[in-house]
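Now for the letters of each chain:
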Amino acid sequence: MSEMTFDKQFFGRSLASMAELTEKNRDYWTKLDSDIGDGDHGINMSIGFRAVSAKLEENLENAEDITSLLKKSGMLLLSKVGGASGPLYGSFFIKMGKDITGQTEITFSDFVGMIKNGVEAIQFRGKAELGDKTMLDALLPGLEYLEAHQTDSNPVVVLEEAVAIMRQGAESTIPLIAKKGRAMRLGERAIGHKDPGSESSWMLINVFLEEMKTV
Ligand code: ADP
Ligand code: MG
């Protein structure tokens, strides 16, 4: 079997599906945020991904490589969204492609490196650690699995397991007190509620999985 590769169109389709996912979950993510934040996470994500979606065709045409497409899309999330999640997810996409400049096709190992760069960018910007009740509680354990299994024979199976771990990571935020973000102010009252960003983040990574199943 020849090695699985992913091109600019793969990332274009993923971004389009993420925009669809965001519309479907707008109210759900907002509900989670109304429990422990200011009730705008779904709205913020929707503002951001509507902007990404509106420019997607143009960006796909003008981007010379995968890096450029992701950067243009991340810049829109960063600039159009008022909440914390815009700059955080924006940084994720802006930095994702930093090691694959000029490439129009990437391998699964490259993809794992991209997720790593993206997650590190979130951590650099937001300064949160594992257990702070943020999106990193989903992303970091999944990333660890991806790095350990990036050369396994079946990328889809690896990503499937990583997404399952991320999903559990989101569940793991329920009993926690928040040490970053708005939910921090609630102290113990944040206990019993899932962090909205941890839920949106595993669901967004799951979009890459769904797209990989079609490659
Ligand atoms: P805001 O908190 O400004 O209203 P959102 O509601 O859109 O923005 O996003 C909230 C989510 O952002 C939280 O659920 C959390 O996962 C994530 N978040 C907030 N601060 C940080 C941080 N410092 N590091 C990582 N993630 C964070
Ligand atoms: Mg909010």
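Residue indices begin from 1 for each chain and proceed along its sequence in written order. The lettering of chains begins at A and the numbering of ligands begins at 1, in the order of writing. Selection of residues for local features in this predicted model requires a pLDDT of at least 70, selection of side-chain atom pairs for listing and counting requires 80 or more, and totals for whole chains, interfaces and linings are taken over all residues. Hydrogens and water are ignored here; the side-chain numbers use all heavy atoms of the structure.

### Some remarks on helix 3 (residues 66-80)
Here is step 1 of the chain: Helix numbering and strand numbering both begin at the N terminus, where a helix is a DSSP run of H or I of at least 4 residues and a strand a DSSP run of E of at least 2. Multiplying 1.5 Å by the residue count of a helix minus one yields the expected span of that helix. Taking 1.5 Å as the rise per residue, helix 3 with 15 residues should run 21 Å; its terminal C-alpha atoms sit 21 Å apart, in good agreement.
Here is step 2 of the chain: Residues of helix 3 that are buried make contact with strand 1 (5-7), helix 1 (8-36), helix 2 (41-62), helix 4 (85-96), strand 2 (105-107) and helix 5 (108-126). Residues are treated as being in contact if the distance between any of their heavy atoms lies within 4.5 Å.

### Comments concerning the site of ligand 1
Here is step 1 of the chain: We call a residue near a molecule or strand when any one of its heavy atoms sits within 4 Å of it. Near ligand 1 there are 20 residues, and of these N44, A84, S85, G126 and D195 occur at the shortest range.
Here is step 2 of the chain: The term polar contact refers here to a pair of N or O atoms within 3.5 Å; inside protein, the definition further demands a hydrogen-donor-capable atom paired with an acceptor-capable atom, and it admits residues adjacent in sequence only when both atoms are side-chain atoms. Contact distances for ligand 1 include 3.0 Å between an oxygen atom and a backbone N or O atom of M135.
Here is step 3 of the chain: Between ligand 1 and R182, the relevant distance is 2.9 Å, taken from an oxygen atom to a side-chain nitrogen or oxygen of the residue.
Here is step 4 of the chain: Areas reported as accessible are Shrake-Rupley estimates using a 1.4 Å probe. Residue values count occlusion only from the protein chains shown. In isolation ligand 1 offers 570 Å² of accessible surface; the protein chains occlude 93% of this area.
Here is step 5 of the chain: Every element with two or more residues in the shell around ligand 1 is listed here: helix 2, helix 4 and helix 8 (196-212).

### Let's talk about the nonpolar core
Here is step 1 of the chain: In terms of nonpolar packing, the biggest core is built from 58 residues, with F11, F93, I115, L159 and F208 touching the most fellow members.
Here is step 2 of the chain: Among the elements of the structure, helix 1, helix 2, helix 3, helix 4, helix 5, helix 6 (136-149), helix 7 (155-171) and helix 8 are those that each provide at least two residues to this core.
Here is step 3 of the chain: Considering every element that reaches this core, the biggest residue donor is helix 8, with eight residues.
Here is step 4 of the chain: If sequence neighbours within four positions are ignored, F93 has contacts with L15, M18, F49, L70, K71, G74, L77 and F208. Take the buried residues of types Ala, Val, Leu, Ile, Met, Phe, Trp, Tyr and Cys, join any two whose side-chain atoms come within 4.5 Å, and each joined set is a nonpolar core. Residue exposure (1.4 Å probe, protein chains only): buried if accessible area is under 20% of the type maximum, exposed if over 50%, otherwise partly exposed.

### So, the coordination of the magnesium ion (ligand 2)
Metal coordination angles in their ideal form are 109.5 degrees for the four-donor tetrahedron and 90 or 180 degrees for the six-donor octahedron.
Here is step 1 of the chain: Any nitrogen, oxygen or sulfur atom within 2.8 Å of a metal ion counts as a donor, with the limit raised to 3.2 Å for Na, K and Ca, and since water is left out, coordination shells can look unfinished. The magnesium ion (ligand 2) binds to the protein through D33 (OD), D38 (OD) and D40 (OD); the donor distances cover 2.0 to 2.2 Å.
Here is step 2 of the chain: Read in sequence order, the donor residues for the magnesium ion (ligand 2) give the motif D-x4-D-x1-D.

### A word on the packing of aromatic side chains
Here is step 1 of the chain: Pairing of aromatic rings covers Phe, Tyr and the six-membered ring of Trp, with a centre-to-centre limit of 6.5 Å; geometry is then stacked below 30 degrees between planes, edge-to-face above 60, and tilted otherwise. Tallied over the full model, the rule gives nine aromatic pairs.
Here is step 2 of the chain: Here F49 and F93 contribute two aromatic rings whose centre-to-centre distance is 6.4 Å and whose plane-to-plane angle is 85°, an arrangement assigned as edge-to-face. Linking F49 in helix 2 with F93 in helix 4, this pair joins segments that are 44 residues apart in sequence.
Here is step 3 of the chain: On the accessibility criterion, F49 (1% relative accessible area) is buried.

### With respect to the side chain of T30
Here is step 1 of the chain: Inspection of the secondary structure puts T30 in helix 1.
Here is step 2 of the chain: Of the polar contacts made by the side chain of T30, one reaches the backbone nitrogen of I43; its length is 3.3 Å.

### Points about the UniProt feature "domain: DhaL" (unreviewed entry) in the protein
Here is step 1 of the chain: The residues that UniProt annotates with the feature "domain: DhaL" (unreviewed entry) are residues 9-210.
Here is step 2 of the chain: The distance separating the terminal C-alpha atoms of residues 9-210 is 14 Å; by composition the span is 70% helix and 1% strand. UniProt positions are given in the numbering used here, feature names are shortened, and annotations may be inferred rather than shown by experiment.

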